[in-house]
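Below, each chain spelled out in residue letters.
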Amino acid sequence: ANDWRCMLTLHGEAHVGVLVLASMPSTLVSGSDDAKIHVWNTRTWQLEHTLAEHSDEVWALAVVGDNLVSGSVDHTIKVWRTRDWTCDKSVQAHEGPVYALANLQNHLVSGSSDETIQAWSHDFERDNHRGTNCSGVWCLTVHNDRLVTGGVNGVIKIWDQ
């Protein structure tokens, strides 16, 4: 048996829980229960940026094109330009916490405890594609160009456009 061996430990702020991770070339991003996003350089493993625009826990991260997108318990989605890590757009996305984000064919899809999934256009405006009756979406993934959601009720649903 081959056991995993920890090669490095990164420390952000003390007593802060890491809720979600996202990876990009030369960058690791973490979302935390202190409403912050930390950007780590994977060449040096140093913390390079702390993004503090959300007002509550950051539960979701997705890379869409040249942007990082974050979702929070504050009901918002924020779009971050990765070239300078500024918040380019903030959208009141759902009526409940945004727990999940996914990149479906280079379009963002968000899922929330408000029992909806929402598709977003290339410029991160609300798209006409929307799913309801989702029983509170806690996670999303894409499989064979189809959206897959996991909900509070223990049900996995596969969606087609």
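Residues numbered from 1 in each chain as written. Predicted model: local features only at pLDDT ≥ 70, side-chain atom pairs only at ≥ 80, totals over all residues. Heavy atoms only, no water.

Asker: Help me understand the overall build of the chain, please; the structure alone is not making it clear to me.
Answerer: Each helix and strand counted, the chain has zero helices and 15 strands in total. Taken against the 2.2 N^0.38 rule, which gives 15 Å for 161 residues, the C-alpha radius of gyration of the chain at 16 Å falls within 12% of a compact globule. Across its three principal directions, the C-alpha atoms of the chain cover 45 × 45 × 30 Å. Sequence-distant contacts, at least 24 apart, represent 32% of the contacts inside the chain between residues at least 6 apart. On the chain, roughly 9200 Å² of surface is accessible, and the fraction owed to carbon and sulfur atoms is 47%. Charge centroids of the chain, computed over 11 positive and 20 negative side chains, lie 4 Å from each other. (Helix = DSSP H or I, 4+ residues; strand = E, 2+ residues; numbered from the N terminus. Rg over C-alpha atoms; globule rule 2.2 N^0.38 Å. Contact = heavy atoms within 4.5 Å. Areas by Shrake-Rupley, 256 points an atom, 1.4 Å probe, with all protein chains shown as cover. Lys, Arg positive; Asp, Glu negative; His and termini not counted. Charge placed at Lys NZ, Arg CZ, Asp CG, Glu CD.)

Asker: What should I look at first to understand the pairing of strand β10 (residues 107–112) in this one?
Answerer: On a regular strand, one side chain projects to one face of the sheet and the next to the other, so that they alternate. The element β10 is largely enclosed, with a buried count of five among its six residues. Two strands pair when backbone bridges link them, and strand β9 (residues 98–104) and β10 are joined in this way by six bridges, in the antiparallel orientation. Paired with L104 across the strands is H107, a residue of β10. Counting the residues in the hairpin turn of β9 and β10 gives two residues, including Q105, whose phi is positive at 55°. Of the strand pairs in this sheet, β10 and strand β11 (residues 117–120) are connected by three bridges, and their pairing is antiparallel. In the sheet register, S110 faces β11, and the bridge partner there is Q118. (Buried < 20%, exposed > 50% of the residue type's maximum accessible area, 1.4 Å probe, protein only. Pairing = 2+ DSSP bridges.)

Asker: It is not clear to me how the sheet that holds strand β13 (residues 137–143) should be interpreted in this structure. Could you clarify?
Answerer: Judged by pairing direction, the sheet is antiparallel, and its three strands sit side by side in the order β13-β14-β15 without closing on themselves. Edge positions in the open sheet fall to β13 and β15 (156–159), since each of these has one partner strand only. Each strand axis lies, on average, 25° off the axis of its neighbour in the sheet, ignoring direction. Judged from the four bridges that link them, strand β14 (residues 146–151) and β15 form a sheet pairing that is antiparallel. From the neighbouring strand, G150 faces β15, where its bridge partner is I156. (Axes fitted to C-alpha atoms, helices over the stretch in contact; angles between N-to-C directions.)

Asker: Whenever I open this one, the packing of aromatic side chains confuses me. Can you help?
Answerer: How two aromatic rings sit relative to each other is set out by the distance from centre to centre and by the angle between their planes. Taken as a whole, this structure holds two aromatic pairs when the rule is applied. Ring geometry for W59 versus Y99: centroids 5.3 Å apart, planes at 85°, classification edge-to-face. Of this pair, W59 sits in strand β5 (residues 58–64) while Y99 sits in strand β9, and the two are 40 residues apart along the sequence. Of the residues examined, W59 reaches a relative accessible area of 33% and is grouped as partly exposed. Aromatic side chains Y99 and W138 sit 6.3 Å apart centroid to centroid with 70° between the ring planes, which places their arrangement in the edge-to-face category. Residue Y99 is located in strand β9, and its partner W138 is located in strand β13; the two are separated by 39 residues in the primary sequence. With relative accessibility at 52%, the residue W138 sits in the exposed group. (Phe/Tyr/Trp six-rings, centres within 6.5 Å; stacked < 30°, edge-to-face > 60°.)

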